[in-house]
Amino acid sequence: MTRRLPSRTALIALLQDTLDSAGAHHATLGLLVLRVRRLLETGRLLGYDAGEALVDAVQTALEDVLREEDGFWRVSDDEFAVVLPGLRNREHVALAAAKLTRTLSQPLRVGEHSVVPLVNIGVATAPDDGGDARTLYRCADQACDDAGTGEERHAFFSAPAHAYDFEPGELADALAASRLQLHLQCVLPLAPIAGQLPRYEALARWQHPRLGAIPPDVFVRVAEQTGQIAEFTRWTLNVGLRQAAEAARGGAPFAISINLAVEALRVPGFTEQVIDLLGFWNVPPARLVLEITESGLMTDVERSGEALMRLREAGIGVAIDDFGTGYASMAYLRSLPANELKIDQSFVRDMLADPRARRLVGSMIDVSHHLGMSVVAEGVEDGATLELLRAMGCDHAQGYHISRPLPAADALRAQAERT
Ligand code: C2E
Ligand code: CA
Ligand code: CA
């Protein structure tokens, strides 16, 4: 029997008690956060029983693998927390995580379907990662997010904040001196139409003099947290549109997708600023697509919805990025002012191996088309996936198999060679 905890707060209280007594014995304590991925979608697609069968499988694996003194709780519909007290060292925590991953990668029978549960596990240990329950939970939670991006289904927390230890002022300086770059990645049409312009997604790059390349999601988050998002967004729009304008002048126009942090939509006068910039660079609005993540949108649907609506009315494209990861239901899509949906890489990456991921991609394509939206599949890393997507009626594909993000000049040259 799993104990169901009413909330994460309840878990944290319980964890703190365990930590307090563990501290007295100078032992290592392991915390695992297990998340069953796509539980909602599985339930929606294969029925409620299928979703619950996945949860049962996790529960059985936990009962089989864990020791008497370990505890586990279901913290929300798709999340479990496991506490491993009194361990000798971190290696013992790793052993438990590896064992769970192995047990959970066996396919399950649910009615006439066979499904492989996709469970990500994030691992943190006390006292190494933190002595208090809240910090420890945050570390395990973040590691769980990271586990979703790799081959392995479990990941140890490794403090990324320390690895990218820069001052917010350094970002401000880099922006002011335009020391950031905007790379371009090809967005390939799968059923090209005559006269259709090539298209690229602009991805920001920052080569820090001391720390090397800092991932954009890291410095974009810092920009959001330190009031620099307006400045940063102006920079991306300006550089992106300038690149598009120069190419058009050179006789090779292209369309460009630019990422927006949800914070940018809250900057007063944002829509007008975008329209002004399009005018300044003489780029037709239909050549610009603004991408906003599903999870960002969900934090403030009403306000961001209004801003996006005005952008759409001005003829600018709006894409929902990382679709499938932000818990917007398919039904929600209808009310969002977007004309494009970008299927998150995690679904695309698993398509060949996992029939469930394939069916999910299929239903996302169908629903979008029903709503008059076009679809981009992200993270296409091999030819077989590309062909499968084409056969499924997906409109565009993006990924390393087609091209990595490249400095603008290289991306345009690669395009010229392709055509
Ligand atoms: P995103 O918008 O989902 O961008 C796609 C990410 O996937 C990029 O990572 C791209 O390099 C990577 N990618 C593309 N194809 C493949 C593939 O086949 N396999 C794999 N494994 N990865 C692929 P990148 O450039 O590190 O950007 C990460 C995130 O940072 C972006 O995710 C976006 O959310 C944010 N970001 C990047 N540039 C900007 C920007 O100018 N403004 C804002 N607001 N956010 C940005
Ligand atoms: Ca994007
Ligand atoms: Ca994306």
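From a predicted model like this one, the values you see are computed outputs, not experimental measurements. (Residues numbered from 1 in each chain as written. Chains lettered and ligands numbered in written order. Predicted model: local features only at pLDDT ≥ 70, side-chain atom pairs only at ≥ 80, totals over all residues. Heavy atoms only, no water.)

Colleague: Teacher, can you tell me more about the overall build of the protein here?
Modeller: Looking only at helices and strands, one finds 17 helices and 19 strands in the protein. A compact globule built from 419 residues should have a C-alpha radius of gyration of about 22 Å, and the protein, at 23 Å, falls within 12% of that. Across its three principal axes, the protein shows a C-alpha extent of roughly 70 × 55 × 40 Å. The proportion of buried residues among the 419 residues of the protein is 51%. Within the protein, residue pairs in contact and separated by at least 24 positions form 69% of the contacts whose partners lie at least 6 positions apart. Total accessible area on the protein is roughly 19,400 Å²; 52% of this is exposed by carbon and sulfur atoms. In the protein, the 40 positive side-chain charges and the 56 negative ones have mean positions that sit 3 Å from each other. (Helix = DSSP H or I, 4+ residues; strand = E, 2+ residues; numbered from the N terminus. Rg over C-alpha atoms; globule rule 2.2 N^0.38 Å. Buried < 20%, exposed > 50% of the residue type's maximum accessible area, 1.4 Å probe, protein only. Contact = heavy atoms within 4.5 Å. Areas by Shrake-Rupley, 256 points an atom, 1.4 Å probe, with all protein chains shown as cover. Lys, Arg positive; Asp, Glu negative; His and termini not counted. Charge placed at Lys NZ, Arg CZ, Asp CG, Glu CD.)

Colleague: What's the story with the site of ligand 1 in this structure? I'm lost.
Modeller: Every one of the 23 residues lining ligand 1 counts as a neighbour, but Arg205, Asp321, Gln345, Glu381 and Tyr400 are closest to it. With respect to ligand 1, the side chain of Asp321 contributes an N or O atom lying 3.0 Å from an oxygen atom. Backbone polar atom of Tyr400 to an oxygen atom of ligand 1: 2.7 Å apart, as the coordinates give it. For ligand 1, the protein covers 84% of the area, taking 800 Å² as the surface of the free molecule. Breaking the shell around ligand 1 down by element, the ones donating at least two residues are strand 11 (199-208), helix 8 (216-225), helix 9 (229-249), strand 13 (255-260) and strand 15 (317-323). Broken down by element, the residue count for the shell around ligand 1 peaks at four residues, all from strand 11. Looking at side-chain class alone, the shell around ligand 1 contains 10 nonpolar, six polar and seven charged residues. (Near = heavy atom within 4 Å. Polar contact = N/O pair within 3.5 Å; in protein donor to acceptor, adjacent residues only side chain to side chain. Nonpolar A, V, L, I, M, F, W, Y, C, P; charged D, E, K, R; others polar.)

Colleague: Can you help me understand the coordination of the calcium ion (ligand 3) in this one?
Modeller: By definition of the ideal shapes, four donors in a tetrahedron about a metal sit 109.5 degrees apart, and six donors in an octahedron sit 90 or 180 degrees apart. For the calcium ion (ligand 3), the protein coordination sphere consists of Asp321 (OD), Asp322 (OD), Glu378 (OE) and Glu378 (OE), at 2.1 to 2.6 Å. Taken as a pair, the calcium ion (ligand 3) and the calcium ion (ligand 2) lie 4.1 Å from each other and share Asp321 as a ligand. Taking relative accessible area as the criterion, Asp322 reaches 25% and is therefore assigned partly exposed. (Donors = N, O, S within 2.8 Å, 3.2 Å for Na, K, Ca; no water.)

Colleague: What is the right way to read the pairing of strand 17 (residues 374-377) from this model?
Modeller: Every other side chain in a regular strand lies on the same face of the sheet, so the side chains alternate between the two faces. Bridge count between strand 16 (residues 340-343) and strand 17: four bridges; the pairing is parallel. Along strand 17, the bridge assignment pairs Leu341 with Val375. With two bridges connecting them, strand 17 and strand 18 (residues 396-397) associate as parallel partners. Bridging across to strand 18, Val376 finds its partner in His396. For the crossover that starts at strand 17, traverses helix 16 (residues 383-391) and ends in the parallel strand 18, the hand is right-handed. (Pairing = 2+ DSSP bridges. Right-handed = clockwise from strand over helix to strand, strands pointing away.)

Colleague: Teacher, can you tell me more about the coordination of the calcium ion (ligand 2) here?
Modeller: On the protein side, the calcium ion (ligand 2) has Glu201 (OE), Asn259 (OD1), Glu291 (OE) and Asp321 (OD) as donor atoms, found 2.1 to 2.3 Å from it. The motif formed by the donor residues of the calcium ion (ligand 2), counted along the single chain, is E-x57-N-x31-E-x29-D. Note on Asp321: relative accessible area 6%, which makes it buried.

Colleague: Help me understand the pattern of salt bridges, please; the structure alone is not making it clear to me.
Modeller: When the charged atoms of two side chains with opposite charge come close together, those side chains can pair. One pass over the structure, following the stated rule, counts 18 salt bridges. Here Arg74 ties to Glu52 by a salt bridge, and the two come within 3.8 Å at their closest N and O atoms. Within this pair, whereas Arg74 is found in strand 3 (residues 71-76), its partner Glu52 is found in helix 3 (residues 48-65), the two being separated by 22 residues in sequence. Assessed through its relative accessible area of 22%, Glu52 is described here as partly exposed. Among the salt bridges present, the one from Glu291 reaches Lys342, with a minimum N-O distance of 2.6 Å. Here the residue Glu291 occupies a position in strand 14 (residues 288-293), and Lys342 occupies one in strand 16, the gap between them amounting to 51 residues. Neither Glu291 nor Lys342 differs from the other in exposure class; each is buried. Each member of the salt-bridge network shares a partner with another, and the members are Glu201, Glu291, Lys342 and Glu378. (Salt bridge = Lys/Arg side-chain N within 4 Å of Asp/Glu carboxyl O.)

Colleague: How should I be thinking about the packing of aromatic side chains in this particular structure?
Modeller: Using the criterion set out here, one finds six aromatic pairs in the structure. A centroid spacing of 6.2 Å and a plane angle of 25° characterise the contact between Phe232 and Trp235, whose relative ring orientation is stacked. Of the two residues, Phe232 and Trp235 are both situated in helix 9; the distance of three residues between them amounts to about one turn of the helix. Trp235 matches Phe232 in its accessibility class, with the two residues each being buried. Note on Phe280 and Trp281: the rings are 5.0 Å apart at their centroids and 90° apart in plane angle, and the pair reads as edge-to-face. (Phe/Tyr/Trp six-rings, centres within 6.5 Å; stacked < 30°, edge-to-face > 60°.)

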